[in-house]
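This is what each chain is made of:
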Amino acid sequence: MITLTTQSTHSYPISTQALESEWVSTFLKEKSYKRVFLIIDENVKQFHGDYIQNAISAWGLNLIGLYVVASGEASKSVTEWTKITDALLEADVKRNDAVFVFGGGVTGDLGGFATSTALRGVALVQFPTTILAMVDSAIGGKTGINHPTGKNRIGAFYQPDAVICDAHFLSTLPEDEWYCGIGEMLKYACISTPELFQKIQQLLAANSKWEAQKWEPIIQKSAEIKAQIVAEDEKETGIRAFLNFGHTFAHALEHELGYGKISHGDAVFWGCLAASELSRLVGSPIGTELEAFIPFYAPRFTFNPNTEHLIAAMKTDKKNTSDAITFVLLKTYGEAYLRKLSDKILVEKAWNYALSKTGKTA
Ligand code: GLY
């Protein structure tokens, strides 16, 4: 069990215990929520609805409502936020009730945001059901929705009372979602804990590689890295930005290919590869550990993006001024720093390096 101690509000546990465990039951009893409202991803409801319903009954909680979120980024919209808010208020949610959110990044961000705004904030427990959500999006209180002008342009920092990562949900996780989450785990290896490279590689090389139990220590370690960074810099005025390693490249790739064409985690993998190369190009002796994962991600890359367009997309990122782009770079694997660069040739070389490894570009 990890405890995330935030600067602005409360500390909260991040646990890998199952819903039916004694720990979860005791934790929820101690919170003494009066009633509970569920926000749940449609696939999670389909595959695990009974499992969740049984747990709620066992916890003795009175269910006051349920909102099912359609899978996919399109749900992170003002329309869905309004509909959830209507559902919460029509269920007469009170501030001593709680909202339990079951799903991946989309449901977690949307559900968390709606919970933060209803009655100026109702208690929230995140139950992430994908690797990506367990190691990243459910931790640290970033909630939000998209706006036509860009992703996550509307939102709030709103910390949950707990993040409960039950590996049971991973039993139905599609392979694409595994690789998506592993992309973010590899990011943690790059910026913080290079020992993870070998551990992840071993698991990927194993025969029955998607056995959730085997991944639990790596999920736990990744969650711990994220929690430590958030504890130091909750509102992203400093080191929380390191979590964006590879993301300036990744967002450009997602934008250029069209959102949803490549998974976020796959884009993050190629982004980390490009950002590692950029770190080398500015003089840091970065190792080649990340290259070992190219054979897993290259067969999944079926695109041929234009480097000029990718560079143009990086410049429109909200954090960048017109002539310089702020990158998270590495001194070595495990040590990140921020650097503004305006040398387009270097960025182009980094892109060309990463794209040449996809095997799809000339
Ligand atoms: N996913 C990046 C952050 O939580 O800061």
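Residues numbered from 1 in each chain as written. Predicted model: local features only at pLDDT ≥ 70, side-chain atom pairs only at ≥ 80, totals over all residues. Heavy atoms only, no water.

K.L.:
Please explain the packing of helix α9 (residues 247-257) against helix α10 (residues 264-281) as it appears in this structure.
P.N.:
To describe two helices that pack against each other, one gives the angle between their axes and the distance between the axes. Packing of α9 against α10 leaves a shortest axis separation of 7 Å and a crossing angle of 130°. One finds that α9 runs oblique with respect to α10. For α9 against α10, the interelement crossing comes out right-handed. Every residue of α10 that contacts α9 at His247, Phe249, Ala250, His251, Leu253 and Glu254 is listed here: His264, Ala267, Val268, Trp270, Gly271, Ala274, Ala275 and Leu278. Its residues assigned to classes, the contact of α9 with α10 comprises nine nonpolar, four polar and one charged. (Axes fitted to C-alpha atoms, helices over the stretch in contact; angles between N-to-C directions. Helix = DSSP H or I, 4+ residues; strand = E, 2+ residues; numbered from the N terminus. Parallel < 35°, antiparallel > 145°, perpendicular 65-115°, else oblique. Left-handed = near helix turned anticlockwise from the far one by under 90°. Contact = heavy atoms within 4.5 Å. Nonpolar A, V, L, I, M, F, W, Y, C, P; charged D, E, K, R; others polar.)

K.L.:
Help me out: how do you make sense of helix α12 (residues 307-316) in this one?
P.N.:
Every α-helix carries 3.6 residues per turn, so stepping three or four residues along brings you back to the same face. The complete set of buried residues in α12 reads Thr307, Leu310, Ile311, Ala313 and Met314. The buried residues of α12 occupy an angular sector of 160° when projected down its axis, which confines them to one face. Lining the buried residues of α12 we find α9, β10 (325-332) and α13 (344-356). Between the side-chain oxygen at the start of α12 and the backbone nitrogen of glutamate 308 there is a gap of 2.9 Å, and the oxygen is on asparagine 306. (Buried < 20%, exposed > 50% of the residue type's maximum accessible area, 1.4 Å probe, protein only. Arc of directions from axis to C-beta. Polar contact = N/O pair within 3.5 Å; in protein donor to acceptor, adjacent residues only side chain to side chain.)

K.L.:
Whenever I open this one, the packing of aromatic side chains confuses me. Can you help?
P.N.:
Two aromatic rings are characterised by how far apart their centres lie and by the angle between their planes. Per the counting criterion, the structure on display carries 23 aromatic pairs. Directly above the ring of tyrosine 188 sits lysine 187, whose terminal nitrogen or CZ lies 4.8 Å from the centroid. (Phe/Tyr/Trp six-rings, centres within 6.5 Å; stacked < 30°, edge-to-face > 60°. Lys NZ or Arg CZ within 6 Å of the ring centre and 35° of its normal.)

K.L.:
Please clarify how empty space enclosed by the protein should be interpreted in this entry.
P.N.:
Rolled over the atoms, a probe as big as a water molecule pinpoints where empty space is left. Summed over all chains, the structure comprises two cavities of 30 Å³ or more. By volume, the largest cavity amounts to about 40 Å³. Counting only elements with at least two residues in the lining of the largest cavity, the list comes to β6 (123-128) and β7 (142-147). In this structure, the second largest cavity spans a volume of roughly 30 Å³. Around the second largest cavity sit Asn244, Phe245, Gly246, His247, Thr248, Phe249, Ala275, Phe327 and Val328, which together line it. Listed by contribution, the elements that provide at least two residues to the lining of the second largest cavity are α9 and β10. With three residues, α9 is the largest single contributor of residues to the lining of the second largest cavity. Residues belonging to the lining of the second largest cavity are distributed by class as follows: five nonpolar, four polar and no charged. (1 Å grid on protein atoms, 1.4 Å probe; cavity = no way out; pocket = protein on both sides within 12 Å on 5 of 7 lines; lining within 4 Å. Points joined across faces, edges and corners; volume = space filled by probe spheres on them.)

K.L.:
In this structure, what is going on with the pairing of strand β11 (residues 335-341)? I would like to understand it.
P.N.:
For a regular strand, side-chain orientation follows a simple rule: the groups alternate between the two sheet faces. Direction of pairing for β10 relative to β11: antiparallel, over a ladder of seven bridges. Within the sheet, the bridge partner assigned to isoleucine 325 lies in β11 and is leucine 341. What sits between β10 and β11 in their antiparallel hairpin is a turn of two residues, with glycine 334 showing a positive phi close to 110°. (Pairing = 2+ DSSP bridges.)

K.L.:
Before we go on, may I ask you to explain the pattern of salt bridges in this structure?
P.N.:
Pairing between side chains of opposite charge can happen when their charged atoms approach one another. Within the structure shown, the criterion is met by 16 salt bridges. Where aspartate 176 meets arginine 300, a salt bridge forms, and the shortest distance between an N and an O atom there is 3.1 Å. Of this pair, aspartate 176 sits in helix α6 (residues 175-191) while arginine 300 sits in the loop between α11 (294-297) and α12, placing them 124 residues apart in sequence. A salt bridge links glutamate 291 to arginine 280, with the shortest nitrogen-to-oxygen separation between them at 3.6 Å. A residue pair is termed long-range when its members are at least 10 positions apart, and glutamate 291 in the loop between α10 and α11 and arginine 280 in helix α10 qualify at 11 residues. Take glutamate 291: its relative accessible area is 16%, and that puts it in the buried class. (Salt bridge = Lys/Arg side-chain N within 4 Å of Asp/Glu carboxyl O.)

K.L.:
What is the right way to read the sheet that holds strand β4 (residues 62-69) from this model?
P.N.:
By way of backbone hydrogen bonds, the strands of a sheet pair with one another, either parallel or antiparallel. One open sheet holds the seven strands; their spatial order is β1-β2-β9-β6-β5-β3-β4, and the pairing between them is mixed. The sheet is open, and its two borders are formed by β1 (2-5) and β4, each paired with just one other strand. Adjacent strand axes in the sheet meet at a mean angle of 20° when their direction is disregarded. Bridge analysis of strand β2 (residues 11-15) against strand β9 (residues 162-164) gives two bridges, and the strand direction is parallel. Paired with serine 15 across the strands is isoleucine 164, a residue of β9. Sitting on the sheet, helix α3 (residues 78-90) touches β3 (35-41), β4 and β5 (98-103), and the angle it makes with β4 is about 165°.

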